[in-house]
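# Residue-level structure breakdown
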Amino acid sequence: MTPDQIRLVQETFGQVLPIRVAAAALFYDRLFSIDSSLRALFPARDMTGQGAKLMAALGFVVHGLERAETILPAVQDLARRHVGYGVEERHYPIVGQALIETLETGLGPAFTPEVREAWGAAYGLLAGVMIAAAREVELAA
């Protein structure tokens, strides 16, 4: 990611924070609309709590982008836990699509092509690290 992309992601995440509860609900609505089978990965009915966890994880990653090497171990651990929840490699593009569509809706006109590209790069980095860590778990099994 370029410094400008990191800045755009951080600035626009700052715009999402005031609407984080609604944004998280929108994300899960989009996710389950894209692939309803993913609902089974969330046995808890407390999607508000799940949304808070999503926003906390996003915040951790977004604020660590300038020093990605410091957040990679936590991101890898997150991926390893997700394998245990039933997350598969094929789910990552679906999550990325839901994230981008949520940001597009939530940010409105502020979701410019440059912002879309920056968030795509950020998610690509995150997903790549998580997929690699998940593969290690699967190979060890």
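In this report, the structure presented in the accompanying data block is examined.

Cut-offs applied
- Residues numbered from 1 in each chain as written.
- Predicted model: local features only at pLDDT ≥ 70, side-chain atom pairs only at ≥ 80, totals over all residues.
- Heavy atoms only, no water.
- Helix = DSSP H or I, 4+ residues; strand = E, 2+ residues; numbered from the N terminus.
- Buried < 20%, exposed > 50% of the residue type's maximum accessible area, 1.4 Å probe, protein only.
- Contact = heavy atoms within 4.5 Å.
- Salt bridge = Lys/Arg side-chain N within 4 Å of Asp/Glu carboxyl O.
- Phe/Tyr/Trp six-rings, centres within 6.5 Å; stacked < 30°, edge-to-face > 60°.
- Expected span 1.5 Å × (residues − 1).

## Here's the deal with the side chain of Q5
Examined against the element boundaries, Q5 turns out to sit in helix α1 (residues 3–16). The buried category is assigned to Q5, whose relative accessible area is 14%. Beyond its immediate stretch of four places on either side in the chain, Q5 contacts E117, A118 and A121.

## Quick word on the pattern of salt bridges
Working definition: two side chains of opposite charge can pair if their charged atoms are close together. This structure, assessed with the given rule, holds eight salt bridges. Residue D77 is joined to R80 by a salt bridge in which the shortest nitrogen-to-oxygen separation is 2.8 Å. Separated by three residues within a single helix, D77 and R80 lie in helix α4 (residues 68–85), roughly one turn from each other. The partner of R116 in a salt bridge is E104, with the nearest N and O atoms 3.0 Å apart. Taken as a pair, R116 in helix α6 (residues 113–140) and E104 in helix α5 (residues 91–107) lie far apart in primary sequence, twelve residues in all. Here the salt bridges do not stand alone but share partners, grouping D35, E88 and R90 into one network.

## As for the packing of aromatic side chains
Applying the stated criterion across every chain, the model contains four aromatic pairs. On the numbers, 6.0 Å between centres and 35° between planes, the contact of Y28 with F32 is tilted. Placement of both Y28 and F32 in helix α2 (residues 20–34) is noted, with a separation of four residues, approximately one turn of the helix. Look at Y28 and you get buried, because its relative accessible area is 6%. Here F32 falls in the buried class, since its relative accessible area comes to 16%.

## Considering α6
Its 28 residues give α6 an end-to-end C-alpha distance of 40 Å, which sits within 8% of 40 Å, the value for a rise of 1.5 Å per residue. What α6 keeps buried is the set V115, A118, W119, A122, Y123, L126, A127, V129, M130, I131, A133 and A134.

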